[in-house]
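Architecture at a glance
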Amino acid sequence: MTGRLRHKAALVTGGASGLGRQSAIRMVEQGALVCVTDIDGERGEQTAAMLGGRGFFLRHDVSSEADWDRAVRTAVDRFGKLQVLVNCAGVGLANDNIADCDDAVWDGIMDANLHGAFLGCRAAIAPMRGAGGGSIVNLASVLALRGASDALAYCASKGAVRLLTKSVALHCAREGTNIRCNAICPGYMDTNMVRAFIDGTGEEERRRLTALHPLGRMGDADDVAHMVVYLASDESTFVTGAEMVVDGGYTA
Ligand SMILES: NC(=O)c1ccc[n+]([C@@H]2O[C@H](COP(=O)([O-])OP(=O)(O)OC[C@H]3O[C@@H](n4cnc5c(N)ncnc54)[C@H](O)[C@@H]3O)[C@@H](O)[C@H]2O)c1
């Protein structure tokens, strides 16, 4: 443990898998205490077991305001404060386009990706003020910066998360809260989300997605987890309202 997040109390949503799980692990390595939340109880408990007693799991649907109240209250009760929120929970590409995206697909993606991030930012402000400041990290995507014809709702949700982030950051700065809010825009990362998409489309799709990244590979969860640690830490105290692109050169 090198202590870049020493004594910081954090809540990481979507922590049962992929980027959320790896972020929780790296944050704990740097001295944080982490409340991991997710709708997937079994895998969420597995993540908590990887945190060496410095974290716990809570079942939490990010699209539910009541769940957010409970999650934030529980984290503050356990840790005495909340200084970091990582809004990582999300659902992935649905192969939807403007001609055939039905309402259920649209609503499901918006609820988890956008409404979840909105509720999380709103719920975190008061406890972070109480702690003297904090850092909110929202997972957007390169698909917040570029469109994709077959990822309609996902692009719309992540584009909105990117600008939600900037609005939250400016409000918090204007109010003098010492709360920062930043977005991370990953390229395609080799997690369950992308594997599920590839499983539904075929290995040719893996090659196509890999080729989008000039560095010649998809990202892995650590590529994002290291950025989360930086944004959560006091090394980034002059960084707010930013979109940190972690994409192997995709958008370059
Ligand atoms: N993997 C990528 O290529 C990639 C790229 C850009 C952005 N992202 C974003 O990063 C985040 C994490 O993605 P990942 O690759 O780790 O995916 P993942 O599927 O491995 O993990 C997502 C987690 O979110 C949880 N979740 C889904 N809906 C939820 C809800 N309503 N409430 C609580 N938990 C919920 C899932 O159970 C899962 O554990 C997502 O927001 C995703 O959109 C991923």
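Here is a short report on the structure shown in this document.

Remarks on the site of the ligand
Lining the immediate surroundings of the ligand are 27 residues, of which Ser-17, Asp-38, Tyr-154, Met-189 and Thr-191 lie closest. The separation between an oxygen atom of the ligand and a polar side-chain atom of Asp-38 is 2.6 Å. Between the ligand and Lys-158 there is a distance of 2.9 Å, counted from an oxygen atom to a side-chain nitrogen or oxygen. Here the ligand loses 92% of its free accessible area of 820 Å² to cover by the protein chains. Structurally, the ligand is housed in the largest pocket.

Things to note about empty space enclosed by the protein
Tallying each qualifying case throughout the model produces one cavity of 30 Å³ or more. Looking at the largest cavity, its volume works out to about 60 Å³. When residues in the lining of the largest cavity are grouped by element, the largest group, four residues, is from helix α4 (residues 103-130). Looking at the lining of the largest cavity residue by residue, the class counts come to seven nonpolar, four polar and no charged.

A closer look at the nonpolar core
By size, the foremost hydrophobic cluster in this structure holds 33 residues, and its most contacted members are Leu-11, Cys-35, Trp-68, Leu-85, Ile-136 and Val-168. Elements represented by at least two residues in this core include exactly β1 (9-12), β3 (55-59), α3 (65-79), α4, α5 (152-174) and β6 (179-186). Element by element, the count of residues in this core is highest for α4, at seven residues. Apart from residues lying up to four places away in sequence, Cys-35 is in contact with Ala-10, Leu-11, Val-12, Phe-56, Leu-58, Ala-75 and Phe-79. Core analysis: the second largest hydrophobic core is formed by 31 residues, Leu-5, Val-28, Leu-51 and Leu-231 among them.

With respect to the packing of aromatic side chains
As enumerated under the stated definition, the model contains two aromatic pairs in all. With centroids separated by 6.2 Å and ring planes inclined at 15°, the aromatic side chains of Tyr-188 and Tyr-250 adopt a geometry described as stacked. Linking Tyr-188 in the loop between β6 and α6 (192-201) with Tyr-250 in the segment after β7 (243-246), this pair joins segments that are 62 residues apart in sequence. This pair shows no difference in class: Tyr-188 is buried, exactly as Tyr-250 is. Sitting over the face of the ring of Phe-56, Arg-78 holds its NZ or CZ atom 4.0 Å from the ring centroid.

Rules behind the numbers
Residues numbered from 1 in each chain as written. Predicted model: local features only at pLDDT ≥ 70, side-chain atom pairs only at ≥ 80, totals over all residues. Heavy atoms only, no water. Near = heavy atom within 4 Å. Polar contact = N/O pair within 3.5 Å; in protein donor to acceptor, adjacent residues only side chain to side chain. Areas by Shrake-Rupley, 256 points an atom, 1.4 Å probe, with all protein chains shown as cover. 1 Å grid on protein atoms, 1.4 Å probe; cavity = no way out; pocket = protein on both sides within 12 Å on 5 of 7 lines; lining within 4 Å. Sits in = over half its atoms within 2 Å of the grid points. Points joined across faces, edges and corners; volume = space filled by probe spheres on them. Helix = DSSP H or I, 4+ residues; strand = E, 2+ residues; numbered from the N terminus. Nonpolar A, V, L, I, M, F, W, Y, C, P; charged D, E, K, R; others polar. Core = buried A, V, L, I, M, F, W, Y, C linked by side-chain atoms within 4.5 Å. Buried < 20%, exposed > 50% of the residue type's maximum accessible area, 1.4 Å probe, protein only. Contact = heavy atoms within 4.5 Å. Phe/Tyr/Trp six-rings, centres within 6.5 Å; stacked < 30°, edge-to-face > 60°. Lys NZ or Arg CZ within 6 Å of the ring centre and 35° of its normal.

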